[in-house]
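Chain and residue survey
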Amino acid sequence: MLGAVVVGLGTAGSVRIRDMLSPLPGSPAENLSVKGFVSRRSQEPQQGLSQISVEEAVSREDIQVAFICTENALHEDSVRTFLQAGKHVCVEYPMTMNHKAAVELWDVAREKGVILHVEHIELLTEDYKLLKREVEGKTLEEGTLHFTGGTLKPGFGFPAFSGIARLTWLVDLFGELSVTAATMEDGSANYSKMTAELRTSDNRPLTWIEERGPGLPRVKNINFKFDSCTLTQIPPAPRGTVGLFMQDLIQFSAKLAGGVGPEELQRERVRILHCLDLAGKIQQLCQN
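The rules we used
Residue numbers here run from 1 along each chain, matching the order of that chain's written sequence. The model is predicted, so local features are restricted to residues of pLDDT at least 70 and side-chain atom pairs to those at 80 or more, both for listing and for counting; the totals for chains, interfaces and linings are taken over all residues. Excluded from the side-chain calculations are hydrogens and water; all other atoms, namely the structure's heavy atoms, are used. A pair of aromatic rings is counted whenever rings of Phe, Tyr or Trp (Trp by its six-membered ring) have centres within 6.5 Å, and the orientation is called stacked for planes under 30 degrees apart, edge-to-face for over 60 and tilted otherwise. A run of H or I in DSSP counts as a helix once it spans at least four residues, and a run of E counts as a strand once it spans at least two, with each numbered from the N terminus. With a 1.4 Å probe rolled over the protein chains alone, any residue whose accessible area is under 20% of its type maximum counts as buried; one over 50% counts as exposed, and the rest are partly exposed. Remark: nonpolar core denotes a set of buried residues (Ala, Val, Leu, Ile, Met, Phe, Trp, Tyr, Cys) joined through side-chain atoms within 4.5 Å. Any two residues whose heavy atoms approach within 4.5 Å are treated as being in contact. For the purposes of these results, a polar contact is taken to be a pair of N or O atoms within 3.5 Å, where, inside protein, one atom must be able to donate a hydrogen and its partner to accept one; residues adjacent in sequence count only when each atom of the pair is a side-chain atom. Definitions used throughout: a 1 Å grid over protein atoms alone; a cavity as a set of points that fits a 1.4 Å probe which cannot get out; a pocket as an open set with protein on both sides within 12 Å along at least five of seven lines; a lining residue as one with an atom within 4 Å of a point. Grid points are joined across faces, edges and corners, and a volume is the space filled by probe spheres set on the points. What makes a salt bridge here is a side-chain nitrogen of Lys or Arg within 4 Å of a carboxyl oxygen of Asp or Glu, nothing more. Note: two strands are recorded as paired if DSSP finds a minimum of 2 bridges between them. By this rule, a helix spans an expected 1.5 Å times one less than how many residues it contains.

Attention now moves to the packing of aromatic side chains. Under the defined criterion, the tally for this structure stands at 4 aromatic pairs. Relative to Trp169, the ring of Tyr128 lies with its centre 4.8 Å away and its plane at 35°, an arrangement referred to as tilted. Taken together, the residues span a long stretch of sequence, with Tyr128 in helix H5 (residues 126-135) and Trp169 in helix H7 (residues 164-174) at a distance of 41 residues. Each member of the pair, Tyr128 as well as Trp169, carries the same accessibility label: buried. Ring centres of Phe174 and Phe226 lie 6.4 Å apart, and the angle between their planes is 40°; this geometry places the pair in the tilted category. With Phe174 in helix H7 and Phe226 in strand S10 (residues 219-226), this pair connects stretches of sequence that are 52 residues apart.

Written as structure tokens, this is what we have:
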């Protein structure tokens, strides 16, 4: 058994605790035992667990794993603290707000011989899995992914980073991308609209729009034009029987148990770093 601590007690942190207390029977997640949680505010016991300090979590020998579930802006420091202490780390996306720091953190993980896992539950949704099957084997001519959602609290970062799940979709579906242009519209009352013009490796145009404002519905609109057809909506899929965070927990636990090959780990690392690099370039273009 590996002892774990959850850092951050928002929705994701609470779900992490719940899933480790009741793991999917027969899955690698059964090998994790949650020992406590870290929070910046003084908290009562949660789900039978006591609050501990970062210093205690880092120093305790019965804690080998940390789940980082704080605001995006705090991810980097927390990940670094636990990696340098020789702990395995699972962090919510995005792992950092810049590509250079992410490369450094992966180097620390390699030096310490521990697993660094970045959660991407949006790749685990049933509708995304169905969309990926629909796209497979088709030749893209051009496409658009337009996301709308409500305003974010402070600490989530520039839209290219807070919305990196959508960028990850595009990279996972269409391979390595480059950025040709990006703009940012800031309106009144917490409204923003980021538009990034991307190109596939065979020079096909993709547009990614991240639009947020009060009252905007949380929706992903697609328009992918292929040589054989056009997809204008994400195929509806029945909800999966295993929760998204539980699926991610099983993936992370499989890595901890040595059940994931080095080639797959490297592919994932390359994809994550590529998306962070793109997000940084988009931010730079928007701010210039």
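One broad trend across soluble globular proteins is that nonpolar side chains are buried collectively. Judged by nonpolar contacts, the single largest core of 61 residues is most densely connected at Met95, Leu116, Leu131, Phe224 and Ile282. Setting aside chain neighbours within four positions, we find Leu116 in contact with Val79, Leu83, Val89, Val91, Met95, Leu105, Trp106 and Ala109. Formed by 24 residues, the second largest nonpolar core is a distinct cluster that contains Leu49, Ile121, Met246 and Ile250.

Turning our eyes to something else, we now look at the side chain of Glu92. With respect to the helices and strands, Glu92 occurs in the loop between strand S4 (88-91) and helix H4 (99-112). Within the structure, the side chain of Glu92 is placed 3.5 Å from the side chain of Arg16, a separation counted as a polar contact. Contact partners of Glu92, with chain neighbours within four places excluded, come to Ala12, Arg16, Ile68, Cys69, His75, Glu119 and Phe245.

On to empty space enclosed by the protein, then. Applying the stated criterion to the full structure yields 1 cavity of 30 Å³ or more. Approximately 40 Å³ is the volume attributed to the largest cavity. Forming the boundary of the largest cavity are Tyr93, Pro94, Met95, Val118, His120, Ile164, Thr168, Ile272, Cys275 and Leu276. When contributions to the lining of the largest cavity are tallied by element, the ones reaching two or more residues are H7 and helix H9 (262-287). Residue contributions to the lining of the largest cavity peak at 3 residues, all from H9.

Under the definition given, this model contains 18 salt bridges. As a salt-bridge pair, Asp19 and Arg18 come within 3.0 Å of each other at their nearest N and O atoms. Residue Arg18 is classed as partly exposed on the basis of its relative accessible area of 47%. Through salt bridges with shared partners, one network takes in Glu122, Arg166, Glu210, Arg218 and Lys220.

Inspection of the secondary structure puts Pro159 in helix H6 (residues 159-162). When the C-alpha positions of Pro159 and Glu141 are compared, they lie 26 Å apart, and in sequence the two are 18 residues distant. Beyond its immediate chain neighbours, meaning those up to four positions away, Pro159 contacts Met184, Met194, Trp208 and Glu210.

As a further point, take the pairing of S10. Both strand S6 (residues 140-149) and S10 contribute to a ladder of 8 bridges, which runs antiparallel. Paired with Gly143 across the bridge in S10 is Phe224. Where S10 lies against strand S11 (residues 230-231), 2 bridges are found, and the strand directions are antiparallel. In the sheet register, Lys225 faces S11, and the bridge partner there is Thr230. Hairpin remark: S10 followed by S11, antiparallel, with 3 residues in the connecting loop.

A word on H9. An α-helix turns once per 3.6 residues; consequently, residues spaced three or four apart project the same way. With 26 residues, H9 extends 37 Å from end C-alpha to end C-alpha; this agrees with the ideal 38 Å at 1.5 Å per step. All buried positions along H9 are accounted for by Glu268, Arg269, Arg271, Ile272, Leu273, His274, Cys275, Leu276, Leu278, Ala279, Ile282 and Cys286.

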